[in-house]
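Overview (structure and organization)
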There are 2 protein chains.
Amino acid sequence: MKNVAALAGVGIKTVSRVMNGEANVSAATTARVNEAAAQLNYELDVHAGNLKRLDRRSRTLGLLVGSVANPFSGAMHRAVEDAAIERGIAVFASSMDDNPERERLSVTAFLRRRVDGLILTTATSSQGYLLPEQSHGTPLVFVDRAPVGIDADAVVSDNAIGAATATRHLIEHGHRNIAYVGDSHALQTARERRRGFQEEIGRAGIPTGDIAQLEDLHSEEAAFEAVTRLVAGEHPPTAIFSSQNLVTVGAIRALRRLGLQHRIALVGFDDVELSDLLEPAITVVAQNPRRIGELAIERMFARLDGDHSAPSTIVVPTTLIVRGSGEIRPS
Amino acid sequence: MKNVAALAGVGIKTVSRVMNGEANVSAATTARVNEAAAQLNYELDVHAGNLKRLDRRSRTLGLLVGSVANPFSGAMHRAVEDAAIERGIAVFASSMDDNPERERLSVTAFLRRRVDGLILTTATSSQGYLLPEQSHGTPLVFVDRAPVGIDADAVVSDNAIGAATATRHLIEHGHRNIAYVGDSHALQTARERRRGFQEEIGRAGIPTGDIAQLEDLHSEEAAFEAVTRLVAGEHPPTAIFSSQNLVTVGAIRALRRLGLQHRIALVGFDDVELSDLLEPAITVVAQNPRRIGELAIERMFARLDGDHSAPSTIVVPTTLIVRGSGEIRPS
DNA sequence: GACGAACTTGACATCGTTGTCACGGATCGG
DNA sequence: CCGATCCGTGACAACGATGTCAAGTTCGTC
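Everything quoted here is computed from the prediction, not taken from an experiment. (Residues numbered from 1 in each chain as written. Chains lettered and ligands numbered in written order. Predicted model: local features only at pLDDT ≥ 70, side-chain atom pairs only at ≥ 80, totals over all residues. Heavy atoms only, no water.)

Moving on, we get to the protein's contact with DNA strand C. Taken together, 27 residues are adjacent to DNA strand C, and Met-1, Ser-16 and Tyr-42 of chain A together with Thr-14 and Thr-29 of chain B come closest. Counting only the atoms of DNA strand C within 4 Å of the protein, the fraction contributed by sugar and phosphate is 63%. Met-1 of chain A has a polar backbone atom sitting 3.2 Å from a phosphate oxygen of DNA strand C. Asp-45 of chain A is positioned with one of its backbone polar atoms (N or O) 3.2 Å from a phosphate oxygen of DNA strand C. Put simply, the parts of the chain that give the surface near DNA strand C at least two residues each are helix 2 (12-19) and helix 4 (46-52) of chain A together with helix 2 (12-19) and helix 4 (46-52) of chain B. Here the surface near DNA strand C gets four residues from one element, more than from any other, and that element is helix 4 of chain A. Its residues assigned to classes, the surface near DNA strand C shows 10 nonpolar, nine polar and eight charged. (Near = heavy atom within 4 Å. Polar contact = N/O pair within 3.5 Å; in protein donor to acceptor, adjacent residues only side chain to side chain. Helix = DSSP H or I, 4+ residues; strand = E, 2+ residues; numbered from the N terminus. Nonpolar A, V, L, I, M, F, W, Y, C, P; charged D, E, K, R; others polar.)

Below is the structure:
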């Protein structure tokens, strides 16, 4: 900046004014400064400015997701980024892999860089460790999973309702021996989906002792193995509810490997690309990750703009998409 | 930091030393400082430190991809992030949507934040605008597409070779009327893939006048429309080579809609999730986005660690995955 | 026991920018 | 035509950290 000032023959403060588009700089001076800046390829250093600036905003957000390689996270990320870029805000993205340690590591990395706010999916059992940061004024918006041990904004899917809808759909098609195949019990979303499943099973008067409930399947491969064993067992289910997209894909692969895809019904939680073209096509309870991202960033901006109302949790509805696999009747 | 120093009863420089894990601080002092820091929930401010630090490293990278919602970008991103997190480096991610303007916007946003390096997929016709930044010492690694107008490291797929392999595969299965269905001609990768296709067609002695070459299909919908019109035309191809994953999905949907998926062969460039379970399963030339990301970040770290050798372009091989759709013979 | 080396510590300038304030000149209303 | 206001501008301190350097302390060796 000093160099630009020297080249333009003005004070550094004037350069600062021009670079920030402040008023009350003559057109001639503005032109001279801009020319000098262009000649020297000068770019403002936002961080140096932040040091002295009163609002201390880095115009940077931290986004923590399960994995940036997961399509659900990708859609959310994209929505966040689209809104952020319009306000000149850059987004740090990080994957925590449902690993509490990695979550803490990423959050620390974000905080060290003085992000203006955090949008996060968490894997820790409690997010109380963020309390000091929150009271220090950093807005937090939790996505996908509601926070524990801290009161903050959240945007989540209607996990229990969606799971119940999927389960009811199977029950309405005549099933009573429905297996639950799901992700880690440590995850709040997985627990909620299981709860929705169980409650619906209960409402239908089906004894829970009769049904298999498999948990802690954290990858496609694990789900494949588990479902393979399940349907080859002695009391195989006539229908399966899978509570997460990787698990759904594992289940699809297992059923097809055994040639059972037309005999055992399947409803998945969360949509999967191309699943509408399979034979049978997969009935799912679709989430709306893009919408979750949109609402989260909207909430974030409201907070950054001074909204001090009580934290709220927004529930984004899921949608049952009937395609075939969920309408198979028990044989 | 001042507060921590005061609470611990030491000078700020000592706090700085403890927080940065420097040697030559007594155990007792270290403990006192750490305790004070914990009590005040103090986190280092990397940007303030950068101002004075000699290396001026923000320990931050900028990653520009087509879209963070695209699985190809997601896999690349994940590989970059995994390596970065180990070095305590945070990653800004941004989508440029093959929009040159958005590319410039994102790059500016990154540079303003003084990233230590840029890993980028570009949409501009020339990246010469990065020359000053490069000579200023910021390492650049281009991914997916080789740079134009600037000499820098790059990691790309063997686009022409892969396309030729796919085309040869179709020719070997008896096809001579093979359509090319591809993305925007403005994209270097799309041009390369088309070149590979054309050269292979030429090698087989097939007159180019006979074959349809559709371009500028930038979404699944556009590809769907184009393929629908193509195969309904008066001289429909017996095989299709689609040069990008969204285009492939559009083509799949079009063929199935018309019930032609078992009559017209299809080979896609870039793999698509679940495409192995379709009927027929889709034969593809798979890229290796994770590997591209790994090599790119490796290159980046080498540069940051002082490697001043001449820029190189690493070509990551593609793999033909035979699944069914590409082995349909002409009727 | 003395002397130098090694260790521990803090004062202070400084990084690039913005907030504050003050100054001089132009403009305006009566 | 004069005083009041407004506009354009720059000098300077300060933001939170680190580099430099010097001072005080401890330790080891002959």
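There is more to say after this.
Going through the model one piece at a time under the given rule, you end up with 52 salt bridges over all chains. Where Arg-145 of chain A meets Asp-144 of chain A, a salt bridge forms, and the shortest distance between an N and an O atom there is 3.8 Å. Taken individually, Arg-145 of chain A and Asp-144 of chain A each receive the classification buried, so the pair is uniform in this respect. Measuring nitrogen to oxygen at the nearest pair gives 2.6 Å for the salt bridge that ties Asp-153 of chain B to Arg-303 of chain B. Note that Asp-153 of chain B is positioned in strand 5 (residues 153-157) and Arg-303 of chain B in helix 12 (residues 289-304), a separation of 150 residues in sequence. Like Arg-303 of chain B, Asp-153 of chain B is buried. Through salt bridges with shared partners, a single ionic network connects Arg-78, Glu-81, Asp-82, Arg-290, Arg-291 and Glu-294 of chain A together with Asp-97 and Arg-102 of chain B. (Salt bridge = Lys/Arg side-chain N within 4 Å of Asp/Glu carboxyl O. Buried < 20%, exposed > 50% of the residue type's maximum accessible area, 1.4 Å probe, protein only.)

Here chain A is partitioned into domain 1 (1-44), domain 2 (60-156 + 289-316) and domain 3 (159-287). Distance between the C-alpha centres of domain 1 of chain A and domain 3 of chain A: 63 Å. (Domains from an automatic or database assignment.)

Listed per partner, the contact involves 52 residues of chain A and 52 residues of chain B. With both sides pooled, the region where chain A packs onto chain B buries about 4,600 Å², and carbon together with sulfur makes up 54% of that total. Its largest share of buried area at the contact with chain B, chain A owes to Arg-78, Arg-113 and Leu-277 of chain A, together 15% of the area lost on that side. Summed over the shared surface of chain A and chain B, the number is 12 salt bridges. Of the charged contacts in the structure, one is a salt bridge between Arg-112 of chain A and Glu-43 of chain B, with a shortest N-O distance of 3.0 Å. (Contact = heavy atoms within 4.5 Å. Buried area = accessible area lost by both parts, 1.4 Å probe.)

Structural alignment of chain A on chain B gives an RMSD of 0.0 Å, achieved by rotating through 180° and translating 0.0 Å along the axis. On this basis, the relationship between the two copies can be described by a two-fold rotation axis. The position closest to the rotation axis in chain A is occupied by the C-alpha of Phe-92 of chain A, lying 2.2 Å away. Same-surface contact between copies: 100% of interface residues of chain A are shared with the interface of chain B. (Least-squares fit on C-alpha atoms with pLDDT ≥ 70 in both.)

Mapped onto the secondary structure, Ala-93 of chain B falls in strand 2 (residues 90-95). Residue Ala-93 of chain B is classed as buried on the basis of its relative accessible area, which comes to 3%. Taking the C-alpha atoms as reference, Ala-93 of chain B lies 9.9 Å from Glu-81 of chain B; in sequence the two are 12 residues apart. With sequence-adjacent residues up to four places away left out, Ala-93 of chain B is seen in contact with His-77, Glu-81, Val-91 and Ala-93 of chain A together with Leu-63, Val-68, His-77 and Phe-110 of chain B.

Turning our attention to the protein's contact with DNA strand D. For DNA strand D, the set of nearby residues contains 27 residues, the closest of which are Thr-14 and Thr-29 of chain A together with Ser-16, Asn-20 and Tyr-42 of chain B. Counting only atoms of DNA strand D within 4 Å of the protein, the sugar-phosphate share comes to 63%. Within the contact set of DNA strand D, a phosphate oxygen lies 2.5 Å away from a side-chain nitrogen or oxygen of Asn-20 of chain B. The separation between a phosphate oxygen of DNA strand D and a polar main-chain atom of Asp-45 of chain B is 3.3 Å. Elements represented by at least two residues in the surface near DNA strand D include exactly helix 2 and helix 4 of chain A together with helix 2 and helix 4 of chain B. Among the elements that take part in the surface near DNA strand D, helix 4 of chain B stands out by supplying four residues, more than any other. Of the residues belonging to the surface near DNA strand D, the class tally is 10 nonpolar, eight polar and nine charged.

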